[in-house]
Amino acid sequence: MKIYDTLSGEKKEFVPVHEGRVGIYVCGPTTYDYAHIGHARPAILFDVFRRFLEYLGYDVILISNITDVDDKIINKANELGKDPIEMAHYYAREYLKDMDALRVRRANIIPKATRHIEEIINLIKILVDKGYAYESGGDVYFSVKKFKDYGKLSHRKIEEMLAGARVEVNEKKRDPLDFALWKASKPGEPSWQSPWGPGRPGWHIECSAMSMNYLGPTLDIHGGGADLIFPHHENEIAQSEAATGKPFAKYWMHVGLVRFEKEKMSKSIGNVFLIKDFLKKYPPEVLRLMYLNSHYRKPYDFSEKNIEDSLPLLEKIWSTYQILKDSAMQEEPSKDIAMKIEDAREKIIAALEDDFNTREAMKEYLSFINFARELKGGDALAALNFLKEMDEIFDLLPRGENEGKEKELIELLLNVRNEERKRKNYEIADYIRDELEKIGIKIEDTKEGTKWYKI
RNA sequence: GGGCAGGUGGCAGAGAGGUUAUGCGCGGGACUGCAGAUCCCGUUUACUCGGGUUCGAAUCCCGACCUGCCCUCCA
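Before going into details, it helps to say that this report is about the structure given with it. (Residues numbered from 1 in each chain as written. Chains lettered and ligands numbered in written order. Predicted model: local features only at pLDDT ≥ 70, side-chain atom pairs only at ≥ 80, totals over all residues. Heavy atoms only, no water.)

## Notes on the environment of S319
In step 1: Among the structural elements, S319 can be located in helix α10 (residues 304–327).
In step 2: On the basis of relative accessibility, which here comes to 6%, the residue S319 falls in the buried class.
In step 3: In this structure the C-alpha to C-alpha distance between S319 and Y453, which are 134 residues apart in sequence, comes to 6.5 Å.
In step 4: For S319, the contacting residues outside a window of four places in its chain are R373, E444 and Y453. (Helix = DSSP H or I, 4+ residues; strand = E, 2+ residues; numbered from the N terminus. Buried < 20%, exposed > 50% of the residue type's maximum accessible area, 1.4 Å probe, protein only. Contact = heavy atoms within 4.5 Å.)

Structure, rendered in structure tokens:
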């Protein structure tokens, strides 16, 4: 297993801190609005990475936080006249709902910043005691120049950063590069008691405190969107390593950003595509497929055309699954098929072991799909079982079985349609086909009769 | 100015020294009441440019040009 590490800039052999166990921390969102398709990329990908590590036999602990106190939350709540924490929790629930719909398996722990104030304060205390942080007018700042490795993750030097000149002006800071660990609260803002007076955590400290709380001073994999490399993750490293003197994470993984119609998705451009809006028009699996079908470190150019191009692929997977279910029989598969399956399995595993190359894995998966749709009997059964095995990782197959009253009703309709076809009443037959498609049931007339599947 | 990705066929996008990517589109054929799906064939020398390494480069090295993202709001 090899993993590309942002810090060293190279693919490294994966060796977890504790044999057989993997601790992963993925930075989740600050919840002050509905989640967009950009948020879904790291969520879906780390979900698949985690499932793959489990498939390999590792014990995986995945932690994915929600930041529920922050300037952006407070500003928006003030605008709307709402309670900031309540509003943040509303959006957090909506975020989890969206992720559930996208078949992202929930992390083992989904910690919230406001539930870890004590850990945060303790960490800041350590930093103050060690001389890495100082109090100033009720705020506490991290002294960037005291941490000699600052810039090692984003590969920049402190002198170069100042040239960027977008540094916030703040007379409480001793140095413009310093960043807030704790902010004194203004009246009416959420606040907690601390040795420095009432206040709230700065942006970066919650991830350091929570990840070390659950996974110890050195975790295996720390991940998130590429936009978090600087300053968020750089600051996490500074805080955490200054406090513990130990490396904070063994592997830093960053998922490329999603662009929409060739432009960065941002509220000011007005091209934000919300997950809940996406789900009104398309099945959730198509988004999984789109992200799996691209390289995770590269930027993803999202567009309507891209979705339209991916839908036929998903339909192919689903129709193949349905066809195999119909033709599978409880028999021994042939030697050829057993070998073919073993070959596909090896190729998919090899691709994923090479820095989670899901694109390469999907290529093998799709070529197997293409090959498998003709299979019958025991061969079809073996192929079906293989697809289910792979679905533990990818989670793309149609959900729910076609059975029960719904199945009976649809098959009744199809029988009626086929009767009408025999009588050459094609208007009625085509009406049934069109109306079924409108409610998401696709049908195909084949030599072996009419097949149907949900889309 | 600095950091990081890239520049691939009509389009979208993988691949990372020698063998068909794939999908969409387009043209032809098979099947079909039609549609869709599926299968077959075609879309004849795809890899920004210039040098270099090599028996062999889209892939490695050097240099240009171009694009995107980041440089204290970000997944």
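## Digging into the environment of K112
In step 1: With respect to the element layout, K112 can be found in the loop between α3 (84–101) and α4 (117–129).
In step 2: Placed 17 residues apart in sequence, K112 and D129 show a C-alpha to C-alpha distance of 26 Å.

## So, the sheet that holds strand β9 (residues 219–225)
In a beta sheet, neighbouring strands are held together by backbone hydrogen bonds and run either parallel or antiparallel to one another.
In step 1: Strand order in the open sheet made by the four strands is β4-β3-β9-β10, with parallel pairing throughout. Sheet topology places β4 (59–64) and β10 (249–255) at the edges, where each strand pairs with a single neighbour. On average, adjacent strands in this sheet sit at an angle of 20° to one another, irrespective of strand direction.
In step 2: Pairing geometry for strand β3 (residues 21–26) and β9, over three bridges, is parallel. Pairing of Y25 across the sheet is with H222, part of β9.
In step 3: In this fold helix α1 (residues 37–55) packs onto β3, β4, β9 and β10, with an angle of close to 135° to the strand it touches most, β10.
In step 4: Across the sheet, helix α7 (residues 229–244) touches β9 and β10, and the angle it forms with β9 is around 160°. (Pairing = 2+ DSSP bridges. Axes fitted to C-alpha atoms, helices over the stretch in contact; angles between N-to-C directions.)

## Quick notes on unusual backbone geometry
In terms of backbone geometry, most residues other than glycine have negative phi values and most peptide bonds are trans.
In step 1: Cis rather than trans, the peptide bond between F230 and P231 has omega equal to 0°.
In step 2: Note on placement: P231 falls in helix α7.
In step 3: A positive phi angle is found at R103, which is not glycine, with a value near 65°.
In step 4: Overall, the relative accessible area of 6% leaves R103 in the buried class.
In step 5: We note that D395 has phi near 55°; this positive angle belongs to a residue other than glycine.

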